[in-house]
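Examination of the molecular architecture
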Amino acid sequence: MSYHFNEIEAKWQKYWTKNQTFKAENKSDKPKYYVLDMFPYPSGAGLHVGHPLGYIASDIYARYKRHTGFNVLHPQGYDSFGLPAEQYAIQTGQRPEDTTRVNIDGGFDKEGNKISGYRKQLDKIGFSFDWSREVRTSDPDYYRWTQWIFIQLFESWYDIETDKARQISDLTEIFSAEGNLKVNAACDDEIVEFSPGEWKLFSSEEKQQVLLKYRLTYLAESEVNWCPQLGTVLANDEIVNGVSERGGYPVVRKKMTQWSMRISAYAQRLLDGLSSIDWPQPLKDSQTNWIGRSKGALVEFPILAFPEGEGKQKPGYMTGGNNSHLLIDKAKQMRNNPTQAEKLLWDCLISKKLGYKFRQQHLIDDFIVDFVCLSKKLVIEVDGNIIHDSQQEKDEERTKIINNLGFRVVRFRNEEIIGNIDFVLEQIKIQLQQDVIPPSGARGIKVFTTRPDTIFGVSFMTLAPEHELVQEITTSEQKEAVSAYIEKSAKRSERERMADVKTISGVFTGAYAIHPLSGEKIPVWIGDYVLAGYGTGAVMSVPCGDQRDYDFATHFGLPIPNIFEGIDISEEAYAEKVGTKIANSDFLSGLSYKEATQKAIEALEAVHAGKGKINYRMRDAVFSRQRYWGEPFPVYYVNGMPQMIEEKYLPLRLPEVEKYLPTEEGEPPLGRATTWAWDTNKNEIVSNELLDVSKSIYPLELNTMPGWAGSSWYFFRYMDSENQERFVSEEAQKYWENVDLYFGGSEHATGHLLYSRFWTKFLKDRKFVAVEEPFKKLINQGMILGMSAFVYIVEPIFKYFENGNGNKMKGIEVSELFLDKRFIISYSLIQKEDTRELYDQLGFNNKDLQKKFKEELITKYSNITERFEDESIQKYLDNLENVEAVAVFAYKKRVDISLLIGLSDELDIGRFKKDLRYQDFSDAEVLTEDGKYIVGREPEKMSKSKYNVVSPDEICVQYGADSLRLYEMFLGPLEQAKPWNTAGITGVHSFLKKLWKLYHNDEVFGVSDEKASADSMKTLHKTIKKVTEDIEAFSFNTSVSSFMICVNELMAQKCDQREVLEPLAILIAPYAPHIAEELWQKLGNNESVATAAYPEFEEKYLVESTKEYPISFNGKTRFTLELPLDLSKEEIEEMVMANEKTKNQMEGRTPKKIIVVPGKIVNIVG
RNA sequence: GCCCAGGUGCUGGAAUUGGCAGACAGGCAUGGUUGAGGGCCAUGUGUCCUUAAGGGCGUGCGGGUUCAAGUCCCGUCCUGGGCACCA
């Protein structure tokens, strides 16, 4: 009875579906185990053999866990929103919804080609998925909850004090009670401070504006990565080498109003969480890298007010702005004519009763304040008796600016001072006791540095061209140069800027900053080596310690002071931290990196010019896409302010549009929808025409969510996929917790895997889930590469070059790599006169390259024929008649692997020539002696465009799903990338045939109930041990070879006992479930093998009494000797030395040393 | 430049608490079975010397530790992946 795998597999796949064998229950006595694969994007191309690799591994583990008594959740679904469906829609006009459905469930594409669909393809491989829990991210029942989570994010802010996300209503309560002064939140940088009174006075819109700066998802105008070809913005992780990940289109910087996710609030927790999860180290490393935490200091360098002055150093008390020279006379005048109240107060203040020095009518920026205590940064303003509204507004404005410079302001009215001077002084005293608030605002240049120890090495400062201060500080002389530079660098695309890191460019602003510790005057430059997006967009340049600063200084002739003891910096900067001593640095001289860093921060803090700071590289994630095929935002706009649609009216369904392109006005595709307005009375989507008619109807958001929205929480939905009340019920989530084992590719390291962790932490903070991390253990499966086939083409080219004498000549250029290949001569180009076309085809479209190639050909001409082993080309050339000159060279061309004969590397020349894709070669000549053409093969990523795709469907038909499963595992370690070679599958296929035979006597099934031999029991238990260890270590390739060894041994032993064959069937069931079920049934079991108890390993069958000792002399094994295992060291030594062979080896010498390791080895030295 | 992973036969790979390198497969070769092909079975297959017995050399390269190194240490080269004017 032979092994009819197709019948067997179809039978059991049907059985599993019918009996819902793998349906997971949310209630069970068994312990739970959650195994998950990253769900696929269902593309029109269907599955290739690379896709199921991870699914097979996870399936084996899930099945293994079922055998060992776990309640296993092993679901599957589709990440069905995404760009390719939309691109396809743009091209063909078909609805993405329809094409996506066909890609999953099967059907026909527009050309009428049959698409079998992901589901059918997956089903054929025999996975133990619980399909009753399937999710599709593009299903309104699913994205309803994606929208819901978005609303929760909108309704939350991040409280740094409690290190948690909290409801936005908590924040508004705090604002009403105490303003925002004490709020320590993750929020936008430019937050204006306000009191509870001011908060109450804000209009509704102003309040919404303020709150947007705190929300975890917020609308902000920011510089984004705009991809004109795709018509959308991209997140940082969707850009690779300055071009879009999908399609490879250029990306430019553009200012746009976009939804963003405040993931930066979670930077530290995302970093800390990594230590609690069992993920591959490289993956953790790349997340760590991406988050990019760096420890250092934030330092503020004040800007010199009179850069064009006599070069005098500005004293610390001169706090005036750029217009000080105009105001200073006015201030003097005011000092001489004080009001009554001013006079009274000044007399008290100048008497130093309060213990602090005050100044009168002093310049701060472009304002003259009445009194100021510079050391405590306290301003005292005296107001007239009658205060008009307009005056009050002006005062508030003025207070804000002064606040931003780091001064507090107290105001008293004239009558207060005159009426109760003691009370006023008491108030001032209280203010003086408070700490100085470091300046939060404008005039200083704030920089972030990881090397505060090198602060005395600063010789200039550099701002990013986009820096907001640039316009303000640039002197009139430099204005032109600076503007030109800014314009030039703004024009450069991101890619250009990245490609060109070598060119040093920059311009002096004319402004100077003041060193906060030395008081020295430091020139301020702008340069595009400083990135606007990182840190503060400005750097303190320490040329001796940073190569970029060094290069910049060298280029522009700026000074390079050396602050390292005994280090030569005449050639390059010195960036080593350890073992370095700081010199020429005032109080830091002589200190190590660590000591100096700490001292520098202390000193900066003392003068309120800086503080220690942790900076993160990770930016907030842009969450809007100008696309159609994504989740619509549950958002409408009232007076330009975003409003959330109430939860109970979700989902907000994606509208129909006629075309999937942006509108003429450049709006996203949803701008084409005619029914896309929100009626706040009826709470439904209504026609846009009503927008002007009714006051309760508002426009809906036109952007959609990015691809990662739906995938950031789907693992929770599987726990309770039918729930209509909640995204996952509390009980279901508490039961399944999180994913125990997650399989997927490492390419999602900084996208999906980071965003999922972020959302999970957020949901935990808001108590929607009870876990902090989504995936406990993660395994990255490696990519299966396709074996692309290549043909090697030589093409004769005429009128190609001339030698020095003006004669045309003959030559061959064949890459050395191709010397052992067979060639195909293409005639297609012979007829073509214009060689430029050929150049283009080969990439030699550059004049220099052409010249170089020509030269090389001439110099190599003399010895090329010797190097070239296949003489047929030479013969061909020699036989050419009436041709004076010809040059030939070879290149390779991909050929479709379906044009090969069988599984061999031989090209079907007839079909190749007839193939339309290779019509240039229809009259080609194949240079081979034996009439065969053997292609070259190279591993590459499997893809349709490379003609190297192997479909699992064909493999299943030819060899069966069990063979496919075993082979994919047998190929090599799971995490490794490895090439696919269909020919190799015969190994595992014949193994399965042998296994089948083991359970059969000739034509009939037959097992005996007799006792198995000791050898068979040993083989079985050895296999149980090895396979179990391997499966726990995810070493599936070695367990497959263990099965092979096991079956080979049992065959040799002629084993047919149930005692061995029954446990073996269970053992192999996770790997080859179909054949295992069939054998299990034939063994007389009625239930599926899926939940049969896993065989237990028993040591006793493996106990050996003897060991074949390798006997080595000076480390080289010469022979082996079988000895009982219970011998002592001495006994072993005695027996070995007594052996005849030992005596032969020693040839009468006495050993210097004898090493005996019982149970392992004997080594005789001498 | 920085971080990570990895270099073992013709190919995929096995062996890393230091203990007979090349398990298990594919390929190739020879033989058997078969009308033929496919299939199946058997044997061989790191490399060099040798009729053989046997021996030399062998895990990218160079050193070192050890009775013993693919495995540990130092240096170096190469390949693949990630990040990158990140201050």
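In what follows, the structure referred to is the one given above.
Residues numbered from 1 in each chain as written. Chains lettered and ligands numbered in written order. Predicted model: local features only at pLDDT ≥ 70, side-chain atom pairs only at ≥ 80, totals over all residues. Heavy atoms only, no water.

All right, on to unusual backbone geometry then. Cis geometry is adopted by the peptide bond preceding P651, which originates at L650 and carries an omega value of 0°. Counting through the fold element by element, P651 comes out in the loop between β27 (641–644) and β28 (677–679). You will see that Q20, though not glycine, has its phi angle at about 45°, which is positive. With respect to the helices, strands and loops of the structure, Q20 is situated in the loop between α1 (5–19) and β1 (32–37). Positioned with a positive phi, N683 is a non-glycine residue whose angle comes to about 55°. Exposure remark for N683: the relative accessible area of 17% places this residue in the buried category. (Helix = DSSP H or I, 4+ residues; strand = E, 2+ residues; numbered from the N terminus. Buried < 20%, exposed > 50% of the residue type's maximum accessible area, 1.4 Å probe, protein only.)

Okay, the packing of helix α6 (residues 140–154) against helix α25 (residues 752–765) next. Packed helices, taken two at a time, are described by the angle their axes make and the gap between the axes. Where α6 meets α25, the closest approach of the two axes is 11 Å, and the angle between their N-to-C directions is 65°. Between α6 and α25, the angle falls in the class roughly perpendicular. Judged by the sense of rotation from one axis to the other, the crossing of α6 with α25 is left-handed. Counting all contacts with α6, which are made through T146, I149, Q152 and L153, the residues of α25 involved are F758, W759, F762 and L763. (Axes fitted to C-alpha atoms, helices over the stretch in contact; angles between N-to-C directions. Parallel < 35°, antiparallel > 145°, perpendicular 65-115°, else oblique. Left-handed = near helix turned anticlockwise from the far one by under 90°. Contact = heavy atoms within 4.5 Å.)

On to helix α13 (residues 340–350). Here α13 has its buried residues at A341, E342, L345, W346, C348 and L349. The arc that holds every buried residue of α13, seen down its axis, measures 160°, which confines them to one face. Close packing links the buried residues of α13 with β15 (359–365), β16 (367–373), β17 (378–383), α15 (414–419) and α16 (421–433). (Arc of directions from axis to C-beta.)

With that out of the way, let us pick up the sheet that holds strand β43 (residues 1116–1124). Strand pairing in a sheet takes place through backbone hydrogen bonds and is either antiparallel or parallel in direction. An order of β43-β42-β45-β44 is seen for the 4 strands of this open sheet, with the pairing classed as mixed. Pairing within the sheet leaves two strands with one partner each, and these edge strands are β43 and β44 (1153–1157). The average undirected angle you get between the axes of adjacent strands in this sheet is 20°. (Pairing = 2+ DSSP bridges.)

Taken in spatial order, the 3 strands line up as β6-β5-β7 in an open sheet, and their pairing is antiparallel. Looking at strand neighbours, the two that pair on one side only are β6 (164–167) and β7 (185–186), the edges of this open sheet. Strand direction decides the pairing type here: strand β5 (residues 156–159) and β6, joined by 4 bridges, are antiparallel. Paired with D159 across the strands is K164, a residue of β6. Helix-sheet contacts for helix α7 (residues 168–178) involve β5 and β6, and the interaxial angle to β6 is about 75°.

Most of strand β13 (residues 293–301) sits out of view: 7 of its 9 residues are buried. Pairing of β13 with strand β24 (residues 610–616), which is carried by 7 bridges, proceeds in the antiparallel orientation. Within β24, the residue paired with S294 across the bridge is N615. Here β13 runs beside strand β19 (residues 445–449); their pairing, made up of 5 bridges, is antiparallel. Counted as the bridge partner of L298 is F448 from β19.

A few words on a nonpolar patch on the surface. On the surface, a nonpolar cluster with roughly 190 Å² of combined accessible area is contributed by I1155, V1157 and I1161. Relative to the assigned elements, I1155 resides in strand β44. (Patch = residues over 30% accessible without salt bridge, like charges linked within 9 Å, V, L, I, M, F, W, Y side chains within 5 Å. Areas by Shrake-Rupley, 256 points an atom, 1.4 Å probe, with all protein chains shown as cover. Salt bridge = Lys/Arg side-chain N within 4 Å of Asp/Glu carboxyl O.)

The next thing to look at is the protein's contact with RNA strand B. Around RNA strand B, the structure places 47 residues, and the nearest of them are T450, R548, R617, L971 and N1163. Among atoms of RNA strand B positioned within 4 Å of the protein, sugar and phosphate together represent 61%. For RNA strand B, a phosphate oxygen lies 2.8 Å from a polar atom in the side chain of N1048. N1163 places a polar side-chain atom, nitrogen or oxygen, 2.7 Å from a base oxygen of RNA strand B. Elements supplying a minimum of two residues to the surface near RNA strand B: α11 (281–291), β19, α32 (985–998), α34 (1036–1052), β42 (1106–1113), β43, β44 and β45 (1161–1165). Counting residues per element, the surface near RNA strand B draws most heavily on α34, at 6 residues. Here the residues of the surface near RNA strand B are counted per class, giving 19 nonpolar, 17 polar and 11 charged. (Near = heavy atom within 4 Å. Polar contact = N/O pair within 3.5 Å; in protein donor to acceptor, adjacent residues only side chain to side chain. Nonpolar A, V, L, I, M, F, W, Y, C, P; charged D, E, K, R; others polar.)

This paragraph deals with the packing of aromatic side chains. Following the criterion strictly, the structure yields 69 aromatic pairs and no others. Measuring from centroid to centroid gives 6.0 Å for F150 and F623, while their planes differ by 5°, and the two rings are stacked. Of this pair, F150 sits in helix α6 while F623 sits in the loop between β25 (621–622) and β26 (635–638); the two residues are 473 residues apart in sequence, bridging distant segments of the chain. Residue F150 is classed as buried on the basis of its relative accessible area of 0%. F623 sits in the buried class, given a relative accessible area of 0%. We note R757 situated over the ring of W279; from NZ or CZ to the ring centre the distance is 5.8 Å. (Phe/Tyr/Trp six-rings, centres within 6.5 Å; stacked < 30°, edge-to-face > 60°. Lys NZ or Arg CZ within 6 Å of the ring centre and 35° of its normal.)

Let us look at the pairing of β45. Taken residue by residue, a regular strand's side chains alternate between the two faces of the sheet. Relative to β45, β42 runs parallel, the two sharing 3 bridges. Of the residues in β45, the one forming a bridge with I1111 is V1162. Bridge count between β44 and β45: 5 bridges; the pairing is antiparallel. From the neighbouring strand, I1154 faces β45, where its bridge partner is I1164.

If you check helix α18 (residues 479–491), its first and last C-alpha atoms are 18 Å apart, about what 13 residues at 1.5 Å a residue would give, namely 18 Å. Three or more residues of α18 are buried, namely V482, Y485, I486 and S489. All buried residues of α18 project into a common sector of 100° when viewed along the axis, lining one side. Among the exposed residues of α18, those pointing more than 90 degrees away from its buried face are E480, E487 and K491. Of the surrounding secondary structure, the elements contacted by the buried residues of α18 are α17 (470–473), β21 (507–514) and β22 (521–526). (Expected span 1.5 Å × (residues − 1).)

Right, let's talk about the side chain of R133 for a bit. Here R133 shows up in the loop between α5 (118–123) and α6. By relative accessible area, R133 is classed as buried at 7%. Among the polar contacts listed, one links the side chain of R133 to the backbone oxygen of M719, at a separation of 3.1 Å. Contacts of R133, omitting those with residues within four sequence positions, involve A24, E25, N26, L73, P75, Y718, M719, D720, S721 and W736.

For the rest of this paragraph, the subject is the pattern of salt bridges. On inspection of all chains with the given rule, the structure shows 49 salt bridges. Where R166 meets D170, a salt bridge forms, and the shortest distance between an N and an O atom there is 3.3 Å. The exposure class of R166 is partly exposed, given its relative accessible area of 26%. Between R548 and D546 there is a salt bridge whose closest N-O contact spans 2.5 Å. In this structure R548 comes out as exposed when scored by relative accessible area, which is 53%. Three or more residues are tied together by salt bridges with common partners; here these are R269, R757, K761, K764, D765, E772 and E773.

Let us look at the environment of D189. Summarising the element assignment, D189 is placed in the loop between β7 and α8 (196–201). Exposure remark for D189: the relative accessible area of 75% places this residue in the exposed category. The spatial distance from the C-alpha of D189 to the C-alpha of Q152 is 23 Å, given a sequence separation of 37 residues.

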